[in-house]
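Architecture and fold: a report
For reference, the chains in residue letters:
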Amino acid sequence: MSALAWQRLGDYLRETQLLGSIHSTLYWDQNTRMPPEGSSWRGEQLSLLAKILHGRQSNKHFETLLERAKIEFEHSRKEGELDQEQVLARSKNLELLEQELIRQKRLDPELIGQIASAKAYGYNLWQQARASSDFSIFLPALKRLVSLRKEQARQLNEPRSCWETLAQPFEPDLTKSRLKELFDPLRKRLPELLEKIRDLELGTNSSWDLPESIQQELCDRLLNDWGRDHSITCLARSPHPFSTTLGPKDFRLTTRVVPGQPLSCFLSTAHEWGHSLYEQGLLFQTHQWFAWPLGQATSMALHESQSLFWENRIARSRAFSERFWPFFEKAGAPIKSGSDLWHEMNPLKPSLIRVEADELSYGIHILIRTDLEISLLEEGLSVEELPSEWNRRYKDLLGVVPANDYEGCLQDVHWSEGQFGYFPSYLLGHLISAQFSEAMAKELMNLGLDQDDPIGTCILNGKESMILSWLRKEIHPHGRQMNAEALVEKVTGSPLSSKPFLSYLEKKIEMLSIDS
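To start, this report covers the structure provided alongside it. Since the model is a prediction, treat every value here as computed from it, not as a measurement. (Residues numbered from 1 in each chain as written. Predicted model: local features only at pLDDT ≥ 70, side-chain atom pairs only at ≥ 80, totals over all residues. Heavy atoms only, no water.)

**Brief notes about the overall build of the chain**
Put simply, the rule is: A helix here means a DSSP run of H or I that spans at least four residues, while a strand means a run of E at least two residues long, and both kinds are numbered starting from the N terminus. All radius of gyration figures rest on C-alpha atoms, and the globule criterion is 2.2 Å times the number of residues raised to 0.38. For every residue, the accessible area (1.4 Å probe, protein chains only) is compared with the maximum for its type, and the residue is labelled buried under 20%, exposed over 50%, or partly exposed between those bounds. Any two residues whose heavy atoms approach within 4.5 Å at even a single point are treated as in contact. Using a 1.4 Å probe, accessible areas were evaluated by the Shrake-Rupley method; residue-level cover was limited to the displayed protein chains. His is not counted, nor are the chain ends; Lys and Arg add positive charge and Asp and Glu add negative charge. Positions of charges follow a simple convention, taking NZ of Lys, CZ of Arg, CG of Asp or CD of Glu.
A tally of regular secondary structure across the chain gives 20 helices and three strands. Taking 516 residues into account, the globule formula puts the C-alpha radius of gyration at 24 Å, and the chain, at 23 Å, falls close to it. Counting only C-alpha atoms and orienting by the principal axes, one finds that the chain spans roughly 70 × 60 × 45 Å. Put simply, the chain has 516 residues, and 56% of those count as buried. Put simply, of all contacts in the chain between residues at least 6 apart along the chain, 74% involve residues at least 24 apart. Put simply, the chain shows about 22,000 Å² of open surface, and 50% of that area lies on carbon and sulfur atoms. Looking at the chain, you have 59 positive and 72 negative side-chain charges, and the mean spots of the two groups are 3 Å apart.

Below, the structure written as structure tokens:
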């Protein structure tokens with residue numbers, strides 16, 4: 001029996017994906033090149049595309065294509081026309097497509113358009129508010145987004161809380177109770193470790209900077225060392241660094257230069273490259289596969305585990321500093337040794353800005369944001385109270401107080417786009433990265449690398465390709481075959497836990513204190 005129904009479904013999905021990539025291209029332009037006055041028209045463009053996409057993902061024609069593909073699949077399976085791998089892949093693709101169809105059918109097309117417009121409007125006001133360090137400019141847009149997302153959760157009517165419902169596209173199957181199990185040990189231990197580093201005084205007090213052009217040269221060297229293919233990648237600037245995939249051979253990433261923080265651009269480039277490497281490793285060898293669920297990322301926590309791995313486990317490692325410090329010295333930085341660069345990369349000092357935070361305090365930044373957005377959506381916190389509540393929690397948990405809204409609740413782009421439920425993915429990504437790293441180290445040791453630090457040995461010798469090969473084999477190809485926690489258990493043999501991450505932090509603090 002020929003797979004005509006499956007082919008027709010695939011052709012339809014491909015057209016939908018083409019429209020989605022046009023939407024993503026407009027978003028890329030909005031963040032990198034679009035003039036500020038273009039925001040209103042861009043909002044209309046994105047709203048129209050969002051409604052068209054929603055229609056394609058929820059209409060009767062798509063439902064019929066899906067139903068016919070299911071019938072054809074069952075017939076082919078019973079007749080033995082498919083091998084076991086094909087059966088599993090097609091079955092999972094159909095399951096995920098049906099889940100998304102049900103979800104999309106519950107949403108009012110008008111709401112979809114309103115959310116798209118509100119996101120474009122919110123992003124524009126967020127930029128204005130940041131430039132003026134004035135939350136009141138952004139306040140009406142955020143109130144609108146909170147209201148619309150609550151309505152979205154109401155229409156979806158899932159057996160979850162409002163926040164849990166909105167978190168599902170980022171982290172399938174995530175619940176607040178599971179988040180509590182994973183994050184409670186961090187709430188207890190991270191403040192204790194912060195007190196420890198205050199006593200050790202590991203933070204650097206140096207004050208230096210590098211010209212933007214020099215910072216860009218260092219970033220280019222980094223990406224070239226890590227195997228960047230210029231024919232399929234593009235690097236640009238944006239107010240908030242991000243990575244996006246516009247097609248099977250079109251991978252975009254952005255970075256930013258922060259005056260007075262000469263390593264910010266370098267580390268954010270490493271972070272976004274980790275995202276891009278993951279996307280490049282997903283299974284979409286053909287244009288059509290690019291449109292199927294199994295060709296998509298497992299989850300955003302898995303995504304963040306990859307970006308955080310390259311930023312922290314690689315670029316912030318002692319081995320990387322030993323190899324890369326001469327390039328910083330040549331660029332004019334006051335760096336005279338690997339130890340100098342390593343300490344600059346790892347200040348271990350509480351700060352106000354999440355994306356500039358060290359690995360230790362970073363988790364507390366995420367805990368604060370997660371608690372605040374749950375309070376906004378479910379516990380009665382008003383949008384007007386957000387700046388003061390933000391500042392209070394920063395003082396209580398990190399011992400620092402924002403001097404203005406720019407340093408406070410305006411620093412992240414996520415809420416300007418109504419992305420409630422995303423923030424935990426960053427901290428979950430830290431936990432996943434740590435657990436994957438332990439499994440990777442064991443396999444590298446079995447290949448004969450240094451028993452104490454096999455990952456560091458690869459980095460020191462410029463053999464990050466060995467690390468990438470492991471990720472390509474064990475992590476990247478799985479797509480949405482399973483959720484993130486199932487993949488962690490498959491790869492490491494153990495359920496996801498905070499213990500590997502805390503163990504890694506404690507070891508790093510010890511190493512930095514010995515070297516100081």
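**With respect to the layout of surface pockets**
Put simply, the test is: Throughout, the protein atoms alone are placed on a 1 Å grid, and a set of points is a cavity if a 1.4 Å probe fits but cannot get out or a pocket if it is open with protein on both sides within 12 Å along at least five of seven lines; lining residues have an atom within 4 Å of a point. Grid points are joined across faces, edges and corners, and a volume is the space filled by probe spheres set on the points. Note on residue categories: nonpolar means Ala, Val, Leu, Ile, Met, Phe, Trp, Tyr, Cys or Pro, charged means Asp, Glu, Lys or Arg, and polar means any other residue, Gly included.
Quantified by volume, the second largest pocket comes out at close to 730 Å³. Lining the second largest pocket are 28 residues; nearest its centre among them are R313, D452, D453, Y504 and K507. Residue assignment for the lining of the second largest pocket shows that the elements contributing at least two residues are helix 11 (300-315), helix 12 (318-330), helix 16 (424-446), helix 17 (454-460) and helix 20 (499-515). In the lining of the second largest pocket, the residues fall into 12 nonpolar, six polar and 10 charged.

**Some thoughts on the environment of E171**
With respect to the helices and strands, E171 occurs in the loop between helix 7 (162-167) and helix 8 (176-200). For E171, a relative accessible area of 6% translates into the label buried. Spatially, the C-alpha atom of E171 lies 9.8 Å from that of L428, the residues being 257 residues apart in sequence. In this structure E171 touches S299, M300, A301, S425, L428 and A484, once residues within four positions along its chain are discounted.

**A few points about empty space enclosed by the protein**
Taken as a whole and judged by the stated rule, the model has two cavities of 30 Å³ or more. In this structure, the largest cavity occupies an estimated 50 Å³ of space. Taken together, L308, N312, R313, E359, H430, S433, F501 and Y504 form the lining of the largest cavity. Counting residues per element, the ones that place at least two in the lining of the largest cavity are helix 11, helix 16 and helix 20. For the lining of the largest cavity, the element with the most residues is helix 11, which contributes three residues. Each residue belonging to the lining of the largest cavity can be placed in one class, and the counts come to three nonpolar, three polar and two charged. In this structure, the second largest cavity occupies an estimated 30 Å³ of space. In terms of lining residues, the second largest cavity is bounded by S305, Q306, F309, S433, F436, S437, M440 and L471.

**Observations concerning the sheet that holds strand 3 (residues 250-255)**
Here is the rule: When DSSP finds two or more bridges between two strands, those strands count as paired. With axes taken as lines fitted to C-alpha atoms, and helix axes fitted only over the stretch in contact, angles between N-to-C directions fall between 0 and 180 degrees.
Strand order in the open sheet made by the three strands is 1-3-2, with mixed pairing throughout. Of all strands in the sheet, those bounded by a partner on one side alone are strand 1 (233-237) and strand 2 (243-247). Within this sheet the neighbouring strands show an average axis-to-axis angle of 25°, counted without direction. On the sheet, helix 10 (residues 264-281) packs against strand 1, strand 2 and strand 3 and is oriented at approximately 160° with respect to strand 3.

**Remarks on the packing of helix 10 against helix 11**
Rules: Every angle not falling under 35 degrees, over 145, or within 65 to 115 is termed oblique; those three ranges are roughly parallel, roughly antiparallel and roughly perpendicular. The hand of a helix crossing depends on one turn: near helix anticlockwise from the far one by less than a right angle means left-handed, and clockwise means right-handed.
Where helix 10 contacts helix 11, the two axes come as close as 7 Å, and the packing angle between them is 135°. On the basis of their axis angle, the class for helix 10 and helix 11 is oblique. For the pair helix 10 and helix 11, the crossing hand works out as right-handed. Here L267, A270, H271, G274, H275, L277, Y278 and E279 of helix 10 come into contact with helix 11, specifically with L302, H303, E304, Q306, S307, L308, W310, E311 and A315. When its residues are assigned to classes, the contact of helix 10 with helix 11 shows eight nonpolar, six polar and three charged.

**Some remarks on the pattern of salt bridges**
Inclusion rule: Within this document, salt bridges are pairs made up of a side-chain nitrogen of Lys or Arg and a carboxyl oxygen of Asp or Glu, the two lying within 4 Å of each other.
Scanning the entire structure with this criterion turns up 38 salt bridges. Of the charged contacts in the structure, one is a salt bridge between E329 and K336, with a shortest N-O distance of 3.9 Å. Under the relative-accessibility criterion, E329 is labelled partly exposed at 33%. Between K473 and E443 there is a salt bridge, and its shortest N-O distance comes to 2.9 Å. With K473 in helix 18 (residues 464-474) and E443 in helix 16, this pair connects stretches of sequence that are 30 residues apart. With a relative accessible area of 47%, K473 lands in the partly exposed category. Taken together, the shared-partner salt bridges in this structure form one network comprising K180, D184, R187 and D371.

**Remarks on the environment of K499**
In this fold, K499 is placed in helix 20. Its relative accessible area of 66% is what places K499 among the exposed residues. C-alpha of K499 to C-alpha of L431: the two residues are 68 residues apart in sequence and 8.2 Å apart in space.

**Concerning the nonpolar core**
Our working definition: We define the nonpolar core as a collection of buried residues of types Ala, Val, Leu, Ile, Met, Phe, Trp, Tyr and Cys that are connected through side-chain atoms lying within 4.5 Å of one another.
The biggest cluster of nonpolar side chains holds 122 residues, and the ones touching the most others in it are F328 and I467. The element best represented in this core is helix 16, accounting for 11 residues. What F328 contacts, discounting residues up to four positions off in sequence, is L210, L218, L263, F266, A333, I335 and L341. Counting 16 residues, the second-largest nonpolar core is a separate cluster that includes W6, F73, L101 and A291.

**Points about the pairing of strand 3**
The buried fraction of strand 3 is high, at five of six residues. Sheet topology places strand 2 next to strand 3; four bridges connect them, and they run antiparallel. Paired with T245 across the bridge in strand 3 is F251. Linking two consecutive strands that pair antiparallel, namely strand 2 and strand 3, is a turn of two residues.

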